[in-house]
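Remarks on the overall topology
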Amino acid sequence: MSQPKELTQNNSFFRTDTKALVGSVILGIVFVIACQATGFIDNLLPTGKAGMYLINGTCWAFFTGIIALLYRQPAGLIAGEVEAIISIWYSPLWLAFVFANAVGSLGVSLVAKRYSMEKWSHHILAQFFCNVLGNAVVFVGLIMIFNLPVKVALVETLIVIAVCWPCSTVLTKLAYDGLSKSGLVK
Amino acid sequence: MKRKRSDGLDPRLKLIWCLVLLFTALLSSSLRTQIIIIALVFFTDLFLTGSVKKYRILLLIFLIVASQLFLMQLLFNREGVVIWQWGIIEIYSGAMSAALLGVLRTVAISLSAIQMMTWTPSEDAVLMLIGYRVPYRYAMLITMAERFLPLLKEEYASISDSQAVRGVAATGLINRIKMLPLTVMPLIYRAIRRTSEIALSMELRGFGKSETRTFSKELCLTTTEIICCFLLLIAFIVLNFYFHI
């Protein structure tokens, strides 16, 4: 599928124009609203009751990926930090999110700098880095903040990565293609 | 509006207070220390603002987290000796104290951060970042986030209502999951469109044209506040690395 030139040819890591900065805050707030909605649904699921936020994790990876792809850095970092700071009000793991959102976003941007993000394989790789790096930080948070046993935290993290990686890849690819075709991100 | 005692404090002092409480909660494995931190948050809030009502909305979140942590620790913690067994399920003596520590630490970390957020107006946070040499183009995004959060929440509610009017079911777990893309995707599209409009109007007003910017208010640390900052840092180092509380 062909992409607009603005998206396929601009492989720069940084983008510091006003639109990118404003976009990072606005989409960061959308990120927060979506995470609140998915967190509520996860709490109703048996997996959520066991501390594995699968829908919320997918939503997190999707937004981290799509914002970093649309607005690059430091917009990805700003959006992630907006989400992490506002999540103080609804998630006790906010401290882990401060670092997880940053490394997840940087992982996506590093892949986006190297590849055109036109193929499925590019999105699979970007979301792999995003999910693994982000959830690795959350793994440390589960041990340090929640005081969970290491084995339990590890199994939870691996399950979350296994579920969220494919789901967020599909969502990001479809949404990125949709946004590219719509012309909204020119 | 009645002025609170916390309004007169410099945000840098508030930040150091928050970080001291937060890292003490993280470093300490003592239940007593966690309880003292939680009590300190409540006492300082009562003294400086006269109310702790703002923490009520967190009660449900803390109850959910506590139930999750107790469940996980009771099922999977293997510290201590077996105190109860039923089939393959074994409960060890160390599970309860580990779960309690996790819950109290979670509460202490969340409360200290929320205290900092509610004590510090966004304008003060912007000035603090500028004081730390962050360019104003980035620092001013804090006030923007505060301004647009309620607007976008309203927009999300209106999109949800529109979908409900079109006949999309919003009750029940499966329906809620099905409704997610139908509400979140339009919100993303609207947010991106709004981004273009806001960015254009900001640039037309000269945002980012000059390197620096003036503000009507200036932050100034008083001598008492500087002494308080040093005392807090010394107390943190002594308590955590000398007495190992």
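Residues numbered from 1 in each chain as written. Chains lettered and ligands numbered in written order. Predicted model: local features only at pLDDT ≥ 70, side-chain atom pairs only at ≥ 80, totals over all residues. Heavy atoms only, no water.

With respect to the overall build of chain B
Counting its secondary structure elements, chain B contains nine helices and two strands. The N-to-C order of helical and strand elements in chain B reads α-α-α-β-β-α-α-α-α-α-α. Radius of gyration (C-alpha) of chain B: 24 Å, far over the 18 Å computed for a compact globule of 245 residues. Taken along its principal axes, the extent of the C-alpha atoms in chain B is 70 × 65 × 35 Å. The buried share of chain B, taken over its 245 residues, is 41%. Taking all contacts inside chain B whose residues are at least 6 apart in sequence as the whole, residues at least 24 apart take part in 67%. About 14600 Å² of surface is accessible on chain B, with carbon and sulfur atoms providing 67% of the total. Both charge centroids of chain B, one from 26 positive and one from 16 negative side chains, sit 4 Å from each other. (Helix = DSSP H or I, 4+ residues; strand = E, 2+ residues; numbered from the N terminus. Rg over C-alpha atoms; globule rule 2.2 N^0.38 Å. Buried < 20%, exposed > 50% of the residue type's maximum accessible area, 1.4 Å probe, protein only. Contact = heavy atoms within 4.5 Å. Areas by Shrake-Rupley, 256 points an atom, 1.4 Å probe, with all protein chains shown as cover. Lys, Arg positive; Asp, Glu negative; His and termini not counted. Charge placed at Lys NZ, Arg CZ, Asp CG, Glu CD.)

Considerations on the pattern of salt bridges
Residues and elements named next belong to chain B. Applying the stated criterion to the full structure yields seven salt bridges over all chains. Ionic pairing is found between D10 and R12, a salt bridge with its closest N-O pair at 2.9 Å. Note on D10: relative accessible area 4%, which makes it buried. A salt bridge links K54 to D45; its shortest N-O distance comes to 2.8 Å. The class of D45 is buried, set by a relative accessible area of 0%. Through salt bridges with shared partners, a single network forms among E155, R190 and R194. (Salt bridge = Lys/Arg side-chain N within 4 Å of Asp/Glu carboxyl O.)

Re the nonpolar core
The nonpolar side chains of soluble globular proteins are, as a tendency, buried together. Judged by nonpolar contacts, the single largest core of 122 residues is most densely connected at L27, I29 and F63 of chain A. Of the residues forming this core, the biggest block, 18 residues, is contributed by helix α4 (residues 54-86) of chain A. F63 of chain A has contacts with L27, V30, F31 and A34 of chain A together with V184 and I188 of chain B, leaving out every residue within four places of it along the chain. (Core = buried A, V, L, I, M, F, W, Y, C linked by side-chain atoms within 4.5 Å.)

Here's the deal with the confidence of the model for chain B
On average, residues of chain B score 88 in pLDDT, and 99% of them are at 70 or above. Here the predicted complex scores 0.89 on pTM and 0.87 on ipTM. (pLDDT = per-residue confidence, 0-100.)

Comments concerning the environment of R15 of chain A
Residue and element names in this part refer to chain A. Its location among the elements puts R15 in the loop between α1 (5-9) and α2 (18-44). A C-alpha to C-alpha distance of 33 Å links R15 and L158, two positions 143 residues apart in sequence. R15 has contacts with A20, L70, Y71, R72, Q73 and P74, leaving out every residue within four places of it along the chain. A polar contact is formed between the side chain of R15 and the side chain of D17, at a distance of 2.8 Å. (Polar contact = N/O pair within 3.5 Å; in protein donor to acceptor, adjacent residues only side chain to side chain.)

Side note on the interface of chain A and chain B
Taken together, the 56 residues of chain A in the interface contact 55 residues of chain B. Linking chain A to chain B there are zero salt bridges. Here chain A is connected to chain B by six residue pairs in polar contact (both at pLDDT 80 or more). Those elements giving two or more residues to the side of chain A that touches chain B turn out to be α2, α3 (46-49), α4, α5 (94-114) and α7 (150-182) of chain A. If you tally residues by element for the side of chain A that touches chain B, the top one is α2 of chain A, at 19 residues. The residue makeup of the side of chain A that touches chain B, split by class, is 41 nonpolar, eleven polar and four charged. (Nonpolar A, V, L, I, M, F, W, Y, C, P; charged D, E, K, R; others polar.)

Some points on the packing of α4 of chain A against α7 of chain A
Residues and elements named next belong to chain A. Where α4 contacts α7, the axes come no closer than 8 Å and their chain directions differ by 40 degrees. As far as their axial angle goes, α7 and α4 are oblique. Viewed along their axes, α4 and α7 form a crossing whose handedness is right-handed. Here α4 contributes L54, G57, T58, A61, F62, G65, I66, L69 and L70 to the contact with α7, which in turn contributes I159, V160, V163, C164, C167, S168, L171, T172, A175, Y176 and L179. Along the lines of polarity and charge, the residues of the contact of α4 with α7 split into 15 nonpolar, five polar and no charged. (Axes fitted to C-alpha atoms, helices over the stretch in contact; angles between N-to-C directions. Parallel < 35°, antiparallel > 145°, perpendicular 65-115°, else oblique. Left-handed = near helix turned anticlockwise from the far one by under 90°.)

Re the pairing of strand β2 (residues 89-92) of chain B
Residue and element names in this part refer to chain B. Pairing analysis gives four bridges linking strand β1 (residues 82-86) to β2, with the strands arranged antiparallel. Residue pairing across strands places V82 opposite Y92, the latter belonging to β2. Linkage of β1 to β2, two consecutive antiparallel strands, is achieved through a turn of two residues, within which G87 is found at a positive phi near 65 degrees. (Pairing = 2+ DSSP bridges.)

Considering the side chain of T172 of chain A
Residue and element names in this part refer to chain A. Considering the arrangement of structural elements, one finds T172 in helix α7. Overall, T172 belongs to the buried group, its relative accessible area being 1%. Engagement of the side chain of T172 in a polar contact is seen with the backbone oxygen of S168, the distance being 2.5 Å.

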